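Summary of the model geometry
Chain by chain, the residues run as shown.
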Amino acid sequence: VSCNITIDGVVNISINESPINILNNYSISGLANSIHRWNITCIDNASNVNVSETRIFAVDTIMPNVILNSPINLSNTTRTITFSYNASDLNMQTCRLFINETLNTSTTNLNMNNATNTINVSLTFGLDGNWTWNVSCNDTANNIFSVASYIFTTDSIAPTIGLNIPLNSTWI
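Rules used in this analysis
Each chain has its residues counted from 1, running along the sequence as written. Local features are withheld for residues below a pLDDT of 70 in this predicted model, meaning they are given only at 70 or higher, and side-chain atom pairs are given and counted only at 80 or more; totals for whole chains, interfaces and linings count all residues. Excluded from the side-chain calculations are hydrogens and water; all other atoms, namely the structure's heavy atoms, are used. Strands here are runs of E lasting at least two residues and helices are runs of H or I lasting at least four, both read from the DSSP assignment and numbered beginning at the N terminus. Restricting the calculation to C-alpha atoms gives the radius of gyration, and the globule rule supplies 2.2 Å times the number of residues raised to the power 0.38. The classification of residues rests on relative accessible area computed with a 1.4 Å probe and restricted to protein chains. Under 20% of the type maximum is buried, over 50% is exposed, and intermediate values are partly exposed. By the convention used here, residues are in contact when the closest approach between their heavy atoms is within 4.5 Å. For the area figures, the Shrake-Rupley method with a 1.4 Å probe applies, and any residue is considered shielded solely by the protein chains shown. Charge assignment in this entry is limited to Lys and Arg as positive and Asp and Glu as negative, and neither His nor the chain termini are counted. Throughout, a charge is located at the NZ atom of Lys, the CZ atom of Arg, the CG atom of Asp or the CD atom of Glu. Throughout this description, the term nonpolar core refers to a set of buried Ala, Val, Leu, Ile, Met, Phe, Trp, Tyr and Cys residues connected via side-chain atoms within 4.5 Å. Each pair of aromatic rings taken from Phe, Tyr and Trp, with Trp reduced to its six-membered ring, is defined by centres within 6.5 Å and is described as stacked if the planes are under 30 degrees apart, edge-to-face if over 60, and tilted in the remaining cases. Cysteine sulfurs are considered disulfide-paired once they come within 2.5 Å of each other. Should a side-chain nitrogen of Lys or Arg be within 4 Å of a carboxyl oxygen of Asp or Glu, the pair is scored as a salt bridge.

1. Notes on the overall build of the protein
In terms of helices and strands, the protein carries zero helices and 14 strands. What you see in the protein, going N to C, is helices and strands ordered as β-β-β-β-β-β-β-β-β-β-β-β-β-β. Scaling as 2.2 N^0.38, a compact globule of 172 residues should have a C-alpha radius of gyration of about 16 Å, whereas the protein reaches 29 Å, well beyond that. In terms of principal-axis extent, the alpha carbons of the protein reach across some 115 × 25 × 25 Å. Here the protein holds 172 residues, and 28% of them are scored as buried. Once local pairs closer than 6 in sequence are excluded, the contacts in the protein between residues at least 24 apart make up 56%. Total accessible area on the protein is roughly 11600 Å²; 52% of this is exposed by carbon and sulfur atoms. Charge separation in the protein, taken as the distance between the mean sites of 4 positive and 10 negative side-chain charges, equals 8 Å.

This is the structure in structure tokens:
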């Protein structure tokens, strides 16, 4: 029996003397990032031909793209903050927001087809201080991209103002 593995209408591998009733594995490299259709055609020594059903698989080696919008790096802000970031990928699945390297929230059901998703998450912090935030996104092929952390400071204390000179109601 000889068989051909056909991908997208092109024979990629020809196997002469393929073993009968034995599971066979073959690797094919260099396929483009895309949806592909494949099947197997076999012919025996009596010229009997059989073609398998056509199946579909996807190749996706491209990482998601993530851009942090706000708060910007090294910024000062109040305790109530809207975190905003853009995420895009052909097959986006989930994005996770981390505060000080701890998972805070996950966003799923994102727009696919390489569209840009703008995600906004509002949080209120109970304390003033220095914080880090970053986002990690993965697609359905489990390509994961984590953007470097941004640093921000929450500050809820109003500045102190002291008027010294001239004294109140003083003529100068």
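The discussion continues.
2. Notes on the nonpolar core
Formed by 21 residues in total, the largest nonpolar core has its most connected members in Phe-83, Tyr-85, Trp-133 and Val-135. Elements with a minimum of two residues in this core: β6 (65-70), β8 (80-88), β9 (92-99), β11 (116-124) and β12 (129-139). Not counting residues within four places of it along the chain, the set of residues in contact with Val-135 comprises Val-66, Leu-68, Tyr-85, Cys-95, Arg-96, Leu-97, Phe-145, Ser-146 and Val-147. With five residues, the next largest nonpolar core counts Cys-3, Ile-5, Ile-13 and Ile-15 among its residues.

3. Describing the packing of aromatic side chains
Under the definition given, this model contains six aromatic pairs. Relative to Phe-125, the ring of Phe-83 has its centre 6.2 Å away and its plane inclined at 55 degrees; by these criteria the two rings are tilted. Here Phe-125 lies in the loop between β11 and β12 and Phe-83 lies in strand β8, a separation of 42 residues in the sequence. For Phe-83, a relative accessible area of 0% puts it in the buried group. Ring geometry for Trp-133 versus Tyr-150: centroids 6.2 Å apart, planes at 90 degrees, classification edge-to-face. Remark: Tyr-150 occurs in strand β14 (residues 150-154) and Trp-133 occurs in strand β12; sequence separation between them is 17 residues.

4. What to know about the state of the cysteines
Under the criterion given, the structure shown has two disulfides. Disulfide pairing is shown between Cys-3 and Cys-42; the S-S distance is 2.0 Å. Measuring handedness by torsion sign, the sulfur bridge of Cys-3 and Cys-42 sits at about 110 degrees and is right-handed. Of the two residues, Cys-3 is situated in strand β1 (residues 2-7) and Cys-42 in strand β3 (residues 34-43); the sequence distance between them amounts to 39 residues. For Cys-42, a relative accessible area of 23% corresponds to the partly exposed category. Across the disulfide from Cys-95 sits Cys-137; the S-S distance is 2.0 Å. Handedness here is read from the sign of the S-S torsion; for Cys-95 and Cys-137, about 110 degrees, the answer is right-handed.

5. Notes on the pattern of salt bridges
Counting across every chain of the model gives two salt bridges. The partner of Glu-53 in a salt bridge is Arg-55, and the shortest N-O contact between them spans 3.1 Å.

6. A short note on unusual backbone geometry
Looking along the chain, the bond that leaves Ser-70 and enters Pro-71 is cis, with omega of 5 degrees. By the element assignment, Pro-71 lies in the loop between β6 and β7 (75-77). Of note, the amide linkage connecting Ile-165 to Pro-166 takes the cis form, showing an omega dihedral of -5 degrees. Relative to the helices and strands, Pro-166 is located in the segment after β14. In this model, Ser-47 sits at a positive phi of 65 degrees, which is unusual for a non-glycine residue. Summarising the element assignment, Ser-47 is placed in the loop between β3 and β4 (49-51).

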